[in-house]
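Structural features, examined
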Amino acid sequence: MSVLFPKVPKPREWDYRPIYFDPEKEARKDKRLARLQHGAFREQHEKNMTELRKKKNSRLVLWLALLGALVVVMFFIL
């Protein structure tokens, strides 16, 4: 079969898509690059850690209040 009909690869097609200027896309790109400046990761990490500490402390206060309320209720019931 290949002797009678040899396989010849087709030539590559030329797929041209013109590039248009999109000001919104450029603004998003600039904004993303601005976040990657020197020290931005450290500042974001410190911000995340302070929020995490605040959340952890508030959760601890809630559990201690619930435990105190439970102790008071158990004291008056027994």
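Residues numbered from 1 in each chain as written. Predicted model: local features only at pLDDT ≥ 70, side-chain atom pairs only at ≥ 80, totals over all residues. Heavy atoms only, no water.

1. Points about the overall build of the protein
- On a plain count of helices and strands, the protein comes out with 2 helices and 0 strands.
- Here the C-alpha radius of gyration of the protein, 33 Å, is well above what a compact globule of 78 residues would show, namely 12 Å.
- Along the first, second and third principal axes, the C-alpha set of the protein runs to 100 × 45 × 20 Å.
- Buried positions account for 0% of the 78 residues belonging to the protein.
- For the protein, the accessible area works out to roughly 9000 Å², and carbon and sulfur atoms hold 64% of it. (Helix = DSSP H or I, 4+ residues; strand = E, 2+ residues; numbered from the N terminus. Rg over C-alpha atoms; globule rule 2.2 N^0.38 Å. Buried < 20%, exposed > 50% of the residue type's maximum accessible area, 1.4 Å probe, protein only. Areas by Shrake-Rupley, 256 points an atom, 1.4 Å probe, with all protein chains shown as cover.)

2. Overview of a nonpolar patch on the surface
- Judged by side-chain polarity, Leu60, Leu64, Leu67, Leu70, Val71, Val73, Met74, Ile77 and Leu78 come together as a nonpolar surface patch covering roughly 940 Å² of accessible area.
- Looking at the element boundaries, Val71 is found in helix α2 (residues 40–77). (Patch = residues over 30% accessible without salt bridge, like charges linked within 9 Å, V, L, I, M, F, W, Y side chains within 5 Å. Salt bridge = Lys/Arg side-chain N within 4 Å of Asp/Glu carboxyl O.)

3. Some remarks on the packing of aromatic side chains
- Scanning all chains against the criterion turns up 2 aromatic pairs.
- A centroid spacing of 5.5 Å and a plane angle of 20 degrees characterise the contact between Trp14 and Tyr16, whose relative ring orientation is stacked.
- Owing to a relative accessible area of 76%, Trp14 belongs among the exposed residues under this scheme.
- Consider the rings of Phe75 and Phe76, whose centres lie 5.6 Å apart with planes at 70 degrees: the pair is edge-to-face. (Phe/Tyr/Trp six-rings, centres within 6.5 Å; stacked < 30°, edge-to-face > 60°.)

4. Some points on the pattern of salt bridges
- By the definition in use, this model includes 1 salt bridge.
- The residue Arg17 makes a salt bridge to Asp15 at a minimum N-O spacing of 3.7 Å.
- When its relative accessible area of 64% is taken as the criterion, Arg17 is described as exposed.
- A relative accessible area of 58% places Asp15 in the exposed class.

5. Topic: the environment of Lys56
- Looking at the secondary structure, you find Lys56 in helix α2.
- Taking the relative accessible area as the measure of exposure, Lys56 reaches 60% and is therefore exposed.
- The spacing of Lys56 and Phe76 is 20 residues in sequence and 30 Å in space, taken between C-alpha atoms.

6. As for a negative patch on the surface
- Taken together, the side chains of Asp22, Glu24, Glu26 and Asp30 define an acidic patch exposed on the protein surface.
- Position of Glu24 relative to the elements: it lies in helix α1 (residues 23–35). (Lys, Arg positive; Asp, Glu negative; His and termini not counted. Charge placed at Lys NZ, Arg CZ, Asp CG, Glu CD.)

7. With respect to the environment of Val72
- Residue position: Val72 is located in helix α2.
- Among the residues examined, Val72 registers a relative accessible area of 44% and is labelled partly exposed.
- Separated by 29 residues in sequence, Val72 and Glu43 have C-alpha atoms that sit 44 Å apart.

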